[in-house]
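Spelled out, the chains give:
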Amino acid sequence: MGWVGEQIDSIKSLQFRQVLTQAISLGMIVTSALIIWKGLMCVTGSESPVVVVLSGSMEPGFKRGDILFLHMSKDPIRAGEIVVFNVDGREIPIVHRVIKVHERQDTGEVDILTKGDNNFGDDRLLYAHGQLWLQRHHIMGRAVGFLPYVGWVTIIMTEKPIIKYILIGALGLLVITSKE
């Protein structure tokens, strides 16, 4: 039967107390990951402190699969900065460069126009219908660092969900069958 048979026999031989201990360990791993994520949100001031570049619109600076680290401070947003923003009606955030910043004299609010480095025109076609500018509440954060290619794991698991389920199942089986 091989490895799979050994794993099944290992699961059958587990006692209730061992299963409970392994389930609690799995719960602690998941909880720790959530605590780390929430901690990063507090430290960076961004609702999503880490994002993956999903398209080639920012090449050659950032390629598809790069991971960006975000920070959102109170400092004014300037032209040339790379920001991640959400547009009303779209679930996936967009990573693009700020090309124009317009401050309204009467209210002090800032209007922002963005563009992908590899795109021909600005992003007004990507914004919600009738929207010409982004406001500060659309901005999730500024890119402050990146890791090249590491985000491909996320892209592959999103595009091929079966790989995600196999990986989660294998990791769960590993945690349950570990003897420690």
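Worth saying up front: this structure is predicted, and the values here are computed from it rather than measured.

Here is what the cut-offs are and how they apply
Residues numbered from 1 in each chain as written. Predicted model: local features only at pLDDT ≥ 70, side-chain atom pairs only at ≥ 80, totals over all residues. Heavy atoms only, no water. Core = buried A, V, L, I, M, F, W, Y, C linked by side-chain atoms within 4.5 Å. Buried < 20%, exposed > 50% of the residue type's maximum accessible area, 1.4 Å probe, protein only. Helix = DSSP H or I, 4+ residues; strand = E, 2+ residues; numbered from the N terminus. Contact = heavy atoms within 4.5 Å. Axes fitted to C-alpha atoms, helices over the stretch in contact; angles between N-to-C directions. Parallel < 35°, antiparallel > 145°, perpendicular 65-115°, else oblique. Nonpolar A, V, L, I, M, F, W, Y, C, P; charged D, E, K, R; others polar. Pairing = 2+ DSSP bridges. UniProt positions renumbered as here; feature names shortened; annotations may be inferred. Domains from an automatic or database assignment. Buried area = accessible area lost by both parts, 1.4 Å probe. Salt bridge = Lys/Arg side-chain N within 4 Å of Asp/Glu carboxyl O. Expected span 1.5 Å × (residues − 1). 1 Å grid on protein atoms, 1.4 Å probe; cavity = no way out; pocket = protein on both sides within 12 Å on 5 of 7 lines; lining within 4 Å. Points joined across faces, edges and corners; volume = space filled by probe spheres on them. Patch = residues over 30% accessible without salt bridge, like charges linked within 9 Å, V, L, I, M, F, W, Y side chains within 5 Å. Areas by Shrake-Rupley, 256 points an atom, 1.4 Å probe, with all protein chains shown as cover.

With that settled, the discussion passes to the nonpolar core. Ranked by size, the top nonpolar core spans 13 residues in total, and within it Ile-77, Phe-85 and Ile-139 carry the most contacts. Elements with a minimum of two residues in this core: strand S3 (82-85), strand S4 (94-103) and strand S5 (110-115). In contact with Phe-85, not counting residues within four places along its chain, are Pro-93, Ile-94, His-96, Thr-114, Asp-123, Tyr-127, Leu-134, His-138, Ile-139 and Met-140.

Before going further, it helps to examine the packing of helix H3 (residues 152-159) against helix H4 (residues 161-177). Helix-helix packing is characterised by the crossing angle of the two axes and by the distance between the axes. Look at H3 against H4: their axes get within 4 Å of each other, and the N-to-C directions meet at 110°. Between H3 and H4, the crossing angle belongs to the class labelled roughly perpendicular. Between H3, through Ile-156, Met-157, Thr-158 and Glu-159, and H4, the contact on the second element is made entirely by Pro-161, Ile-163, Lys-164 and Leu-167. Residue composition of the contact of H3 with H4, grouped by class: 5 nonpolar, 1 polar and 2 charged.

Right, let's get into the sheet that holds strand S2 (residues 67-71). The antiparallel open sheet is built from 6 strands, whose spatial order is S1-S2-S6-S3-S4-S5. Looking at the sheet topology across the chains shown, the edges are occupied by strand S1 (50-52) and S5. Sheet twist, expressed as the mean angle between neighbouring strand axes with direction ignored, is 50°. Across 5 bridges, the pairing between S2 and strand S6 (residues 139-147) is antiparallel. Bridging across to S6, Phe-69 finds its partner in Gly-145.

So, about the UniProt feature "transmembrane region" (unreviewed entry) in the protein. Residues given the UniProt feature "transmembrane region" (unreviewed entry) here are residues 19-37, 139-156 and 162-178. Within residues 19-37, the helical portion is 100% and the strand portion 0%, while the C-alpha atoms at the span's ends are 27 Å from each other. The distance separating the terminal C-alpha atoms of residues 139-156 is 26 Å; by composition the span is 28% helix and 50% strand.

Looking now at the domain arrangement of the protein. Taken domain by domain, the protein consists of domain 1 (2-44 + 153-177) and domain 2 (50-149). Summarising the inter-unit geometry, the C-alpha centres of domain 1 and domain 2 are found 34 Å apart. Contact residues are listed per partner, giving 6 residues for domain 1 and 9 residues for domain 2. Buried area between domain 1 and domain 2, both sides added, is near 550 Å², and the carbon and sulfur share of it is 58%. Considering only the side of domain 1, the residues that lose the most area to domain 2 are Trp-37, Thr-44 and Ile-155, jointly responsible for 71% of the buried surface there. Linking domain 1 to domain 2 there are 1 salt bridge.

This part is about H4. Helix length check: H4 (17 residues) gives 24 Å between terminal C-alpha atoms against 24 Å at 1.5 Å per residue, within 8%. Within H4, the full set of buried residues consists of Gly-172, Val-175 and Thr-177.

The next subject is the layout of surface pockets. One number sums up the size of the largest pocket: a volume of about 540 Å³. Val-52, Leu-54, Ser-55, Ile-92 and Pro-93 are, among the 20 residues lining the largest pocket, the residues nearest its centre. Where the lining of the largest pocket is concerned, the elements lending two or more residues are S1, S4 and H3. Here the lining of the largest pocket takes 4 residues from H3, the largest share from any one element.

A surface patch of nonpolar side chains, amounting to about 590 Å² of accessible area, comprises Tyr-149, Trp-152, Ile-156, Ile-162, Ile-163 and Ile-166. Mapped onto the nonpolar patch, the elements with two or more residues apiece are H3 and H4. For the nonpolar patch, the leading source of residues is H4, giving 3 residues. Following the sequence through the fold, Ile-156 ends up in helix H3.

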